[in-house]
Amino acid sequence: MSNITVEAIELTRLYGGRAAVSDVSFNLKQGEVLGFLGPNGAGKSTTMKMLTGNLAPSAGSVKICGIDMIENPKEAKALIGYLPEMRPLYKELTVDEYLTIAARLHRVSGKNIKKAVENAKARCGLSHMSKRLIENLSNGYQQRVGIAQAIIHSPMVVILDEPTVGLDPIQIRDIRALIREIGQEHSVILSTHILPEVEMVCDHVQIIDKGKLVFNGGIDVLKRSRLGNKLLVGLHQAPQMDALLQIQGVTEAELLESGMVRVRFAEGENPSEEIVKASVKHKWGLYQIALDQTSLEDVFVQLTFHDAAAEAA
Amino acid sequence: MIFNIVRKELKSMFASPLGWAIMAILSFIFGLYFTNSVGNYFDVMSGAIRPAERTGVTTFVGSAVYGLASFIMLFSVPLLSMRLISEERRAQTLPFLFSAPLSITEIVLGKFIGLVVFLSMVIFYLAAMMAMLNLWADIDFGFIVANTIGLVLLVASFSALGLYFSSLTSQPVVAAILTFIALFALMILDRFLAGDPSNTVTYLSLMQHFQSFSRGLIDSADVAYFVLFITTFLVLTIRRLDADRLRG
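Residues numbered from 1 in each chain as written. Chains lettered and ligands numbered in written order. Predicted model: local features only at pLDDT ≥ 70, side-chain atom pairs only at ≥ 80, totals over all residues.

A few points about helix H1 (residues 2-15) of chain B
Link 1 in the chain: Helix length check: H1(B), at 14 residues, gives a terminal C-alpha distance of 20 Å against a target of 20 Å (1.5 Å per residue), a fit within 8%.
Link 2 in the chain: Considered for burial, the residues of H1(B) that qualify are B:Ile5, B:Val6, B:Lys8, B:Ser12 and B:Met13. The buried residues of H1(B) occupy an angular sector of 165° when the element is viewed end-on, so they sit on one face.
Link 3 in the chain: Buried residues in H1(B) make contact with helix H3 (95-105) of chain A together with helix H2 (17-47) and helix H6 (104-131) of chain B. (Helix = DSSP H or I, 4+ residues; strand = E, 2+ residues; numbered from the N terminus. Expected span 1.5 Å × (residues − 1). Buried ≥ 20, exposed ≤ 12 C-beta atoms within 10 Å, placed from the backbone. Arc of directions from axis to C-beta. Contact = placed C-beta atoms within 7 Å.)

Set out below in structure tokens:
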């Protein structure tokens with residue numbers, strides 16, 4: 001399936017002359033999960049507001065399944081389910097009442113409303129909370145109601161702004177599974193601060209910083225840039241670095257402050273086995289050897305920092 | 001789609017104690033006043049000897065009750081209209097409506113009609129109370145119909161103004177106070193300029209236009225005034241919410 005569900009074309013939003021978002025363009029296909037990453041105030045929420053028609057872009061356009069959001073907002077909005085950063089819940093209503101209203105407003109036909117409500121509740125694990133006032137639910141359950149409201153009309157595109165904020169680890173796992181499940185049939189766009197989350201649920205990642213897209217690509221591209229041919233070796237009696245460089249495949253060795261050694265190697269020549277052998281032979285006292293992963297945080301900082309440096313230059 | 005918003009508004013109005021409380025208080029005050037006027041009627045009429053001094057029971061009770069109703073609504077409409085939009089702003093629930101397949105016009109009209117329907121319940125209850133007099137007297141139903149239409153139009157005008165002030169702020173209380181001040185000013189405008197009935201400013205007074213209805217007269221000029229008043233403030237509200245989307 002290669003149907004394009006979301007098409008953002010050179011989205012720009014100015015706030016009093018300052019560009020909160022500038023020239024953001026991307027496409028999303030059906031069955032894909034897109035993760036939006038970025039520091040605070042980068043323009044993630046602004047972009048999402050523009051995608052959902054809550055905010056008019058200063059320039060550029062949004063198309064949902066080929067329908068222009070500005071020219072034909074009602075038709076386009078009917079295809080979207082949106083959970084804003086602040087949950088739009090009517091706290092004086094019960095879960096059932098609220099979801100029924102949500103279904104009705106999203107044009108679910110009269111006889112299907114009950115089914116849609118039950119279905120959304122079951123998917124978000126809310127079935128036993130039907131008659132409770134939203135006000136009295138815990139933060140995590142309120143978040144689930146927010147998500148249920150966004151998927152109730154099984155929209156083509158589900159847009160979730162920081163869906164896992166305030167949830168406990170088990171709930172986070174459930175929600176992630178739910179997002180994956182929704183992502184099978186529909187398209188999902190989610191924003192988050194939690195980097196491993198992106199890796200777990202998203203197919204595509206966009207990193208946005210100061211209103212500009214600094215990275216746009218598949219999750220595998222990001223993963224590859226994380227791994228980067230490095231080994232972290234722990235040795236009790238570390239030899240001179242020269243000795244390590246003798247080992248085949250090792251291009252660089254560096255003693256870290258923690259007493260570990262970071263070894264870089266050429267692409268496709270993992271020298272782990274050789275290092276183990278050499279360590280046994282020379283009694284270096286090997287106690288740990290593992291691929292050194294640059295944390296996503298580092299990748300993230302690199303990407304956003306480079307941009308800042310380029311701007312300063 | 002407007003109907004769905006109306007339903008939602010009514011639901012949340014009845015989900016909060018405020019809606020019930022206001023309805024109960026209004027019913028109580030109107031009922032009390034009604035009983036009082038019916039009792040008074042006999043006292044006053046038994047004292048009226050000349051035929052010119054005698055008035056029908058409909059006019060006597062009706063003008064008392066409807067006169068009070070128009071005044072009481074001045075206080076109760078701001079209390080109900082204040083939360084329509086400002087509460088949504090405060091609780092950040094507006095995106096829920098904005099991202100649903102609805103135009104802003106539909107949202108505003110739905111909220112407005114929701115409030116008017118709620119208040120109309122009280123007004124129809126009032127009409128039913130008046131009609132009850134027909135059990136032992138001949139009631140002038142035309143008078144009741146005119147008063148009911150007038151009161152609905154008056155209350156709808158209050159609501160439109162309240163809705164507009166509610167869209168300006170995220171503090172419901174501020175919206176209520178602003179609405180009350182504006183309504184009060186419009187109500188008593190004619191009192192200040194009572195000497196000159198042809199004055200243009202007097203013509204803006206809401207009470208001035210309700211007067212003909214309260215005499216049992218449906219004047220198209222007054223109907224037009226109320227309709228224009230309502231339209232003006234609804235359009236202003238739509239524009240205000242549209243500006244939210246444009247300016248953020």
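Thoughts on the environment of A:Ser61
Residues and elements named next belong to chain A.
Link 1 in the chain: Locating Ser61 in the fold gives a position in strand S4 (residues 59-64).
Link 2 in the chain: When the 15 C-beta atoms within 10 Å are taken as the criterion, Ser61 is described as partly exposed.
Link 3 in the chain: As a C-alpha pair, Ser61 and Asp203 span 142 residues in sequence and 24 Å in three-dimensional space.
Link 4 in the chain: Those residues in contact with Ser61, other than ones at most four positions away along the chain, are Ile9, Asp68 and Ile70.

Looking at the packing of H2(B) against helix H3 (residues 57-81) of chain B
Residues and elements named next belong to chain B.
Link 1 in the chain: Two elements in contact, H2 and H3, have axes whose closest approach is 10 Å; the angle formed by their N-to-C orientations is 160°. When the axis of H2 is compared with that of H3, the two are roughly antiparallel. Judged by the twist between their axes, the crossing of H2 over H3 is right-handed. Here Leu18, Ile22, Leu26, Ile29, Phe30, Tyr33, Phe34, Ser37, Val38 and Tyr41 of H2 come into contact with H3, specifically with Val57, Phe60, Val61, Ala64, Val65, Leu68, Ala69, Ile72, Ser76, Leu79 and Leu80.
Link 2 in the chain: Per-class residue counts for the contact of H2 with H3 are 19 nonpolar, 2 polar and no charged. (Axes fitted to C-alpha atoms, helices over the stretch in contact; angles between N-to-C directions. Parallel < 35°, antiparallel > 145°, perpendicular 65-115°, else oblique. Left-handed = near helix turned anticlockwise from the far one by under 90°. Nonpolar A, V, L, I, M, F, W, Y, C, P; charged D, E, K, R; others polar.)

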